[in-house]
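# Remarks on the overall topology
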Amino acid sequence: METSSPSPQPEMEQNQAEDLHLRHVEKDVLIPKIMREKARERCSDQVQDFTKCCKDSGFLMVVKCRKENSALKECLTAHYQNPDFYEECKMEYLKEREEFRRTGIRSKNRLQKLPTSM
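Presented here is an overview of the structure given in this document. Remember, predicted model here, so these are calculated numbers, not experimental data.

## Some words on the overall build of the protein chain
The helix and strand tally for the protein chain stands at seven helices and zero strands. What you see in the protein chain, going N to C, is helices and strands ordered as α-α-α-α-α-α-α. Scored against the burial criterion, the 118 residues of the protein chain give a buried share of 21%. Sequence-distant contacts in the protein chain: of pairs separated by 6 or more residues, those separated by 24 or more amount to 73%. Total accessible area on the protein chain stands at roughly 10100 Å², and carbon and sulfur atoms take up 54% of it.

## Looking at the pattern of salt bridges
Applying the stated criterion across every chain yields a total of eight salt bridges. For the salt bridge of glutamate 26 with arginine 97, the shortest nitrogen-to-oxygen distance reads 3.0 Å. You can see glutamate 26 sitting in helix α2 (residues 24-42) and its partner arginine 97 sitting in helix α6 (residues 83-103), a full 71 residues away along the chain. Each member of the pair, glutamate 26 as well as arginine 97, carries the same accessibility label: buried. The shortest N-O distance in the salt bridge between glutamate 88 and arginine 42 comes to 2.6 Å. One end of the pair, glutamate 88, is in helix α6; the other, arginine 42, is in helix α2, and 46 residues separate them in sequence. A relative accessible area of 43% places arginine 42 in the partly exposed class. A single network of salt bridges, built from pairs that share partners, joins Lys38, Arg42, Glu88 and Glu92.

## Thoughts on the nonpolar core
Nonpolar side chains in soluble globular proteins generally cluster together in the buried interior. Counting residues in each nonpolar core, the largest one holds 13 residues, and the members touching the most others are Ile31, Cys89 and Tyr93. Listed by contribution, the elements that provide at least two residues to this core are α2, α5 (66-80) and α6. Excluding residues within four positions of it along the chain, tyrosine 93 makes contact with Leu22, Arg23, Glu26, Leu30, Ile31 and Ile34.

## A closer look at the packing of α2 against α6
Between α2 and α6, the least distance of the axes is 9 Å, while the angle of their chain directions is 115°. For the element pair α2 / α6, the angle class is roughly perpendicular. The hand of the α2/α6 crossing is right-handed. Contacts between α2 and α6 involve Glu26, Lys27, Leu30, Ile31, Ile34, Met35, Lys38, Ala39 and Arg42 from the first element and Phe85, Tyr86, Glu88, Cys89, Lys90, Glu92, Tyr93, Glu96 and Arg97 from the second.

## What about a nonpolar patch on the surface?
A contiguous nonpolar patch, built from Met61, Val62 and Val63 and spanning about 280 Å² of accessible area, is present on the exposed surface. Here valine 63 shows up in helix α4 (residues 61-64).

## As for the environment of aspartate 28
If you trace the backbone, aspartate 28 turns up in helix α2. A distance of 2.7 Å separates polar atoms of two side chains, one belonging to aspartate 28 and the other to histidine 24.

## Comments concerning helix α3 (residues 44-57)
Taking 1.5 Å per residue, 14 residues should reach 20 Å; α3 reaches 20 Å between its end C-alpha atoms and fits that length. Buried residues along α3 sit in contact with α4 and α5. Immediately downstream of α3, the backbone of glycine 58 shows phi near 60°, a positive value.

Scoring rules and cut-offs
- Residues numbered from 1 in each chain as written.
- Predicted model: local features only at pLDDT ≥ 70, side-chain atom pairs only at ≥ 80, totals over all residues.
- Heavy atoms only, no water.
- Helix = DSSP H or I, 4+ residues; strand = E, 2+ residues; numbered from the N terminus.
- Buried < 20%, exposed > 50% of the residue type's maximum accessible area, 1.4 Å probe, protein only.
- Contact = heavy atoms within 4.5 Å.
- Areas by Shrake-Rupley, 256 points an atom, 1.4 Å probe, with all protein chains shown as cover.
- Salt bridge = Lys/Arg side-chain N within 4 Å of Asp/Glu carboxyl O.
- Core = buried A, V, L, I, M, F, W, Y, C linked by side-chain atoms within 4.5 Å.
- Axes fitted to C-alpha atoms, helices over the stretch in contact; angles between N-to-C directions.
- Parallel < 35°, antiparallel > 145°, perpendicular 65-115°, else oblique.
- Left-handed = near helix turned anticlockwise from the far one by under 90°.
- Patch = residues over 30% accessible without salt bridge, like charges linked within 9 Å, V, L, I, M, F, W, Y side chains within 5 Å.
- Polar contact = N/O pair within 3.5 Å; in protein donor to acceptor, adjacent residues only side chain to side chain.
- Expected span 1.5 Å × (residues − 1).

Have a look at this one:
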């Protein structure tokens, strides 16, 4: 009776499935955080308009900046509710997670420049 070692194929498929599995905190906290950051970048005009209005209006901003606030909310909500945008952010997160697991260095730390003089 000859025993053969299991083929590496099922192990590779299991590793790939584990790599795409998201924990609760990843789905509900980390990916939405990326979505918020990217949505703010994409809605930068509305963010700037709302910020300027708030600075100019002082305490009356609640009343005076309703139009700018509504435009900002509308822009952000459109991104948050877009399934393609969620998938884009999810794939970005998975790529960063894979890189971290491979190198042990967070992507934001890796992108920072080292000081040139000590």
